[in-house]
Amino acid sequence: MTDPTPEPSPEPEQQNAAQIPDAQQPDQGADQESVPPPVDPQEILKAISGINLDAIEVDIESAFGARMAELDKMLEGLDSLVEKIEQDIQNLDQPKQEGPQ
């Protein structure tokens, strides 16, 4: 199964010459048609591997959700630690009651 190739642009030699530095420009008689047209990487992946990109996206979202749940738990622990430290600081700031003299 072959995909149809797009037609080359009207002036391929000028476009390719603009992309190549002057010191490396090929002779005008060189074969300019050997440069393949740009191809969508996702189309290549689908064609050669049969991998379902939708399934991959679902897996990524699931892993991301699990990581976010872990992060939420860590943040809750951090919040409780901050509250404990703030209480300790408030206890230190309160003036000590002096006993009877």
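One structure accompanies this document, and this report is about it. Just so it is clear, the model here is predicted, and its values are computed rather than measured.

## So, the overall build of the chain
Working step 1: Counting its regular elements, the chain contains three helices and zero strands.
Working step 2: The N-to-C order of helical and strand elements in the chain reads α-α-α.
Working step 3: Here the chain holds 101 residues, and 2% of them are scored as buried.
Working step 4: A total accessible area of about 9,900 Å² is found for the chain, and carbon and sulfur atoms account for 54% of it.

## Structural notes on the pattern of salt bridges
Working step 1: On inspection of all chains with the given rule, the structure shows two salt bridges.
Working step 2: Notably, a salt bridge pairs Glu70 with Arg67, separated by 3.9 Å at the nearest N-O pair. Residue Glu70 and its partner Arg67 are both found in helix α3 (residues 53–93); the two are separated by three residues, about one turn of the helix.
Working step 3: For Arg67, a relative accessible area of 59% gives the class exposed.
Working step 4: Between Lys84 and Asp88 there is a salt bridge, and its shortest N-O distance comes to 3.4 Å. With a gap of four residues between them, Lys84 and Asp88 both fall in helix α3, about one helical turn apart.
Working step 5: For Lys84, a relative accessible area of 47% gives the class partly exposed.
Working step 6: By relative accessible area, Asp88 is classed as partly exposed at 36%.

## Some points on a nonpolar patch on the surface
Working step 1: Side chains of Phe64, Met68, Leu71, Met74, Leu75, Leu78, Leu81, Val82, Ile85 and Ile89 sit close together on the surface and give an oily, nonpolar patch of about 900 Å² of accessible area.
Working step 2: Mapped onto the secondary structure, Met74 falls in helix α3.
Working step 3: On the accessibility criterion, Met74 (56% relative accessible area) is exposed.

## Some remarks on a negative patch on the surface
Working step 1: Judged by side-chain charge, Asp72, Glu76, Asp79, Glu83 and Glu86 come together as a negatively charged surface patch.
Working step 2: Assignment of secondary structure puts Glu86 in helix α3.
Working step 3: On the basis of relative accessibility, which here comes to 45%, the residue Glu86 falls in the partly exposed class.

Cut-off values and rules
Residues numbered from 1 in each chain as written. Predicted model: local features only at pLDDT ≥ 70, side-chain atom pairs only at ≥ 80, totals over all residues. Heavy atoms only, no water. Helix = DSSP H or I, 4+ residues; strand = E, 2+ residues; numbered from the N terminus. Buried < 20%, exposed > 50% of the residue type's maximum accessible area, 1.4 Å probe, protein only. Areas by Shrake-Rupley, 256 points an atom, 1.4 Å probe, with all protein chains shown as cover. Salt bridge = Lys/Arg side-chain N within 4 Å of Asp/Glu carboxyl O. Patch = residues over 30% accessible without salt bridge, like charges linked within 9 Å, V, L, I, M, F, W, Y side chains within 5 Å. Lys, Arg positive; Asp, Glu negative; His and termini not counted. Charge placed at Lys NZ, Arg CZ, Asp CG, Glu CD.

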